[in-house]
Amino acid sequence: MKERVEEVLKKVRPSLQADGGDVELIDVSDDGVVKVQLTGACGSCPFSTMTLKHGIEMRLKEAIPEVKEVVAL
């Protein structure tokens, strides 16, 4: 599943990079929890939680139903 998550993140990255940020995949657990780290401008942005939950998590869940949650480290 980690490879599938990375493929979806590749599609999300251009919009994050356009704002000076990025996302790094840290881990995907067997129970469907994806751990990421927001970097660059995304790491300190006050809207990073919204980006994480309503952007990254939503896209991952749409593409990979096994994903249950996305958390930032």
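Residues numbered from 1 in each chain as written. Predicted model: local features only at pLDDT ≥ 70, side-chain atom pairs only at ≥ 80, totals over all residues. Heavy atoms only, no water.

Engineer: Hey, could you run me through the sheet that holds strand β2 (residues 33-40) in this one?
Structural biologist: Sheet strands pair by backbone hydrogen bonding; their relative direction is either parallel or antiparallel. Read across the sheet, three strands follow the order β1-β2-β3 without closing on themselves; strand pairing throughout is mixed. The open sheet terminates on both sides in strands that have one partner only, identified here as β1 (21-28) and β3 (69-72). Averaged over all pairs of adjacent strands, the angle between their axes in this sheet comes to 35°, without regard to strand direction. Inspection of the sheet shows β1 paired to β2 by seven bridges, in the antiparallel sense. Across the sheet, the residue bridging to D27 is K35, located in β2. Along the sheet face, helix α1 (residues 2-18) touches β1 and β2 and points at about 165° away from the line of β1. Here helix α3 (residues 48-63) sits on the sheet in contact with β1, β2 and β3, set at roughly 145° to β3. (Pairing = 2+ DSSP bridges. Helix = DSSP H or I, 4+ residues; strand = E, 2+ residues; numbered from the N terminus. Axes fitted to C-alpha atoms, helices over the stretch in contact; angles between N-to-C directions. Contact = heavy atoms within 4.5 Å.)

Nothing here speaks to function; it is geometry throughout.
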